[in-house]
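Next come the chains, spelled out residue by residue.
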Amino acid sequence: MIIRQLVRRTPLPALECGTQIALLKTMTGVARPNSDMAEFREVFSKAKHIAIITGAGVSAESGLPTFRAASGHWRKWKTQDLATAQAFSRNPSRVWEFYHYWRELALKATPSEAHRAIAECEARLSKQGRSVVVITQNVDELHRRAGSKHVLEVHGSLFRTRCLSCGDVDASHHSPICPALEGKGDPDPNCRDAAIPVKNLPRCDEGGCDGLLRPHVIWFGETLDSHILTKVEKELDACDLCLLVGTASVVFPAAMFAPQVASRGVPVAEFNIRPRANMSRFTYHFQGPCATTLPVALERHESEVI
Ligand SMILES: [Zn+2]
């Protein structure tokens with residue numbers, strides 16, 4: 001399985017050679033661009049297992065910044081430079097300030113029309129014996145808050161922590177996650193680090209452990225959770241329609257998911273706000289805000305029996 005060879009989270013520009021890029025091109029081939037929504041809707045109406053792969057573009061429509069590879073900044077740092085184990089080891093206070101800022105934004109955000117359309121589609125199709133799975137690179141839990149039940153979060157969640165001492169993984173939606181982060185995390189480039197002592201950062205309360213907690217997200221250079229990847233592989237192998245929504249597909253291994261499906265001859269429909277340089281990679285491409293295009297694509301088809 002190809003994605004097994006690329007389980008380390010890597011931004012595309014950091015790849016040293018064109019191996020993976022060449023692989024992508026080989027797998028996806030070349031097809032005529034097709035933006036025929038009526039034709040897509042016919043395919044959608046017959047699909048039994050739909051995999052919806054989502055990225056930062058879906059959350060952007062809820063007002064969340066796209067902290068993705070090479071583009072986002074917090075204060076004067078590139079966010080991809082903060083999302084590493086090395087950055088956390090050097091300066092856990094700074095990294096926790098950044099994640100606190102992101103958590104607070106996510107807590108205040110509301111699911112977009114795209115999130116809601118996906119959740120509504122899953123609920124409706126499940127009554128017809130059809131399945132929808134969301135495979136998301138987003139860590140903000142907005143799919144779950146919109147009502148999606150079958151969600152695979154390949155990069156973890158802002159609202160889970162992992163203890164560096166005992167390894168315990170726990171959920172926390174507290175605002176702030178600890179008293180010392182109250183009012184911290186201002187993204188202004190002129191804002192100085194809060195330099196919070198490590199003992200006042202989020203700590204493990206499991207059986208008196210008191211170890212330092214880190215966000216339970218997959219940082220750049222880290223390996224994806226093998227249990228999640230196994231589930232993703234199963235879904236990608238089983239789906240008979242795949243939607244790729246709001247992602248520029250620049251972070252591996254998630255960038256390989258849709259090409260892997262396309263290589264089986266399964267239709268893939270891409271929904272993205274920007275025209276793509278290589279927009280003919282997949283069967284369908286719909287340009288525009290996914291909060292506009294997706295509800296139209298996923299609304300009840302006239303052939304559906306409720
Ligand atoms: Zn612990």
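Residues numbered from 1 in each chain as written. Predicted model: local features only at pLDDT ≥ 70, side-chain atom pairs only at ≥ 80, totals over all residues.

The name given to the protein chain in an unreviewed UniProt entry is NAD-dependent protein deacylase sirtuin-5, mitochondrial, and the organism recorded there is Astyanax mexicanus. The annotation that UniProt attaches to the protein chain under Sequence similarities (unreviewed entry) is "Belongs to the sirtuin family. Class III subfamily." The record held by UniProt for the protein chain lists under Catalytic activity (unreviewed entry) the comment "N(6)-glutaryl-L-lysyl-[protein] + NAD(+) + H2O = 2''-O-glutaryl-ADP-D-ribose + nicotinamide + L-lysyl-[protein]". (UniProt positions renumbered as here; feature names shortened; annotations may be inferred.)

Student: Whenever I open this one, the environment of Gly 147 confuses me. Can you help?
Tutor: Turning to its location among the elements, Gly 147 is positioned in the loop between helix 8 (142–146) and strand 6 (151–153). C-beta crowding within 10 Å serves as the criterion here: with 14 such atoms nearby, Gly 147 is assigned to the partly exposed category. Note: C-alpha distance between Gly 147 and Glu 120 (27 residues apart in sequence) is 7.6 Å. Apart from the residues within four sequence positions on either side, Gly 147 is in contact with Ala 119 and Ala 123. (Helix = DSSP H or I, 4+ residues; strand = E, 2+ residues; numbered from the N terminus. Buried ≥ 20, exposed ≤ 12 C-beta atoms within 10 Å, placed from the backbone. Contact = placed C-beta atoms within 7 Å.)

Student: Help me out: how do you make sense of the packing of helix 7 (residues 113–126) against helix 11 (residues 290–298) in this one?
Tutor: In a packed pair of helices, the relevant descriptors are the angle between the two axes and the axis-to-axis distance. Where helix 7 contacts helix 11, the two axes come as close as 7 Å, and the packing angle between them is 20°. In terms of their interaxial angle, helix 7 and helix 11 are classed as roughly parallel. In the packing of helix 7 onto helix 11, the handedness of the crossing is left-handed. The residues of helix 11 that touch helix 7, namely those facing Glu 113, Ala 114, Ala 117, Ile 118 and Cys 121, are Cys 290, Ala 291, Leu 294, Pro 295 and Leu 298. (Axes fitted to C-alpha atoms, helices over the stretch in contact; angles between N-to-C directions. Parallel < 35°, antiparallel > 145°, perpendicular 65-115°, else oblique. Left-handed = near helix turned anticlockwise from the far one by under 90°.)

Student: Is there a simple way to explain the nonpolar core in this structure?
Tutor: When a protein is soluble and globular, its nonpolar side chains tend to lie buried together. Judged by nonpolar contacts, the single largest core of 70 residues is most densely connected at Ala 51, Ile 53, Cys 242, Val 245 and Val 261. Leave out the neighbours within four places in its chain, and Val 261 touches Ala 51, Leu 236, Cys 239, Cys 242, Val 266 and Val 268. (Core = buried A, V, L, I, M, F, W, Y, C linked by C-beta atoms within 7 Å.)

Student: What exactly am I supposed to notice about the sheet that holds strand 2 (residues 49–54) here?
Tutor: Sheet strands line up and pair through hydrogen bonds in the backbone, either parallel or antiparallel. Taken in spatial order, the six strands make up an open sheet running 6-5-2-10-12-13, and their pairing is parallel. For this open sheet the edge positions go to strand 6 and strand 13 (284–287), each flanked by a neighbour on one side alone. For this sheet the average axis-to-axis angle between neighbouring strands, irrespective of direction, equals 15°. In the sheet, strand 2 pairs with strand 10 (residues 241–245) via five bridges, with the strands oriented parallel. Following the sheet pairing, Thr 54 is matched in strand 10 by Val 245. Most of the contacts of helix 7 go to strand 5 (residues 131–136), to which it runs at about 150°, and overall it touches strand 2, strand 5 and strand 10. On top of the sheet, helix 11 reaches strand 10, strand 12 (268–272) and strand 13; it is set at about 145° to strand 12, its chief contact. (Pairing = 2+ DSSP bridges.)

Student: What exactly am I supposed to notice about the environment of Val 245 here?
Tutor: Position of Val 245 among the secondary structure elements: in strand 10. Once the C-alpha coordinates of Val 245 and Asn 272 are considered, the two residues, 27 residues apart in sequence, prove to be 6.2 Å apart.

Student: Looking at this structure, I do not really get the sheet that holds strand 9 (residues 213–217). What am I missing?
Tutor: Spatial ordering of the open sheet is given by 8-7-9, a layout of three strands whose pairing is antiparallel. Bordering the open sheet on either side are strand 8 (169–171) and strand 9, each of which pairs with just one other strand. Taken over all neighbouring pairs, the strand axes of this sheet differ in orientation by 45° on average, direction set aside. The pairing of strand 7 (residues 156–163) with strand 9 spans four bridges and is classified as antiparallel. Across the sheet, residue Thr 161 finds its bridge partner in strand 9, namely Pro 215. Sheet contacts for helix 6 (residues 92–108): strand 7 and strand 9; angle to strand 7, the most-contacted strand, approximately 135°.

Student: Looking at this structure, I do not really get the pairing of strand 2. What am I missing?
Tutor: Across a regular strand the side chains alternate sides, sitting on one face of the sheet and then on the other. Along strand 2, five of the six residues are buried, which leaves the element largely enclosed by surrounding structure. Bridging between strand 2 and strand 5 involves six bridges; their strand directions are parallel. Note that in strand 5 the partner of Ile 50 across the bridge is Val 132.

Student: What am I meant to see in helix 6 here?
Tutor: Two residues of an α-helix separated by three or four positions point the same way, owing to the 3.6 residues in each turn. Along its 17 residues, helix 6 runs 24 Å from first to last C-alpha, staying within 8% of the 24 Å computed at 1.5 Å per residue. The complete set of buried residues in helix 6 reads Arg 94, Val 95, Trp 96, Glu 97, Phe 98, Tyr 99, His 100, Trp 102, Arg 103 and Ala 106. Summarising the contacts, the buried residues of helix 6 are in contact with strand 3 (73–74), helix 4 (79–82), helix 5 (85–90), strand 7 and strand 9. (Expected span 1.5 Å × (residues − 1).)

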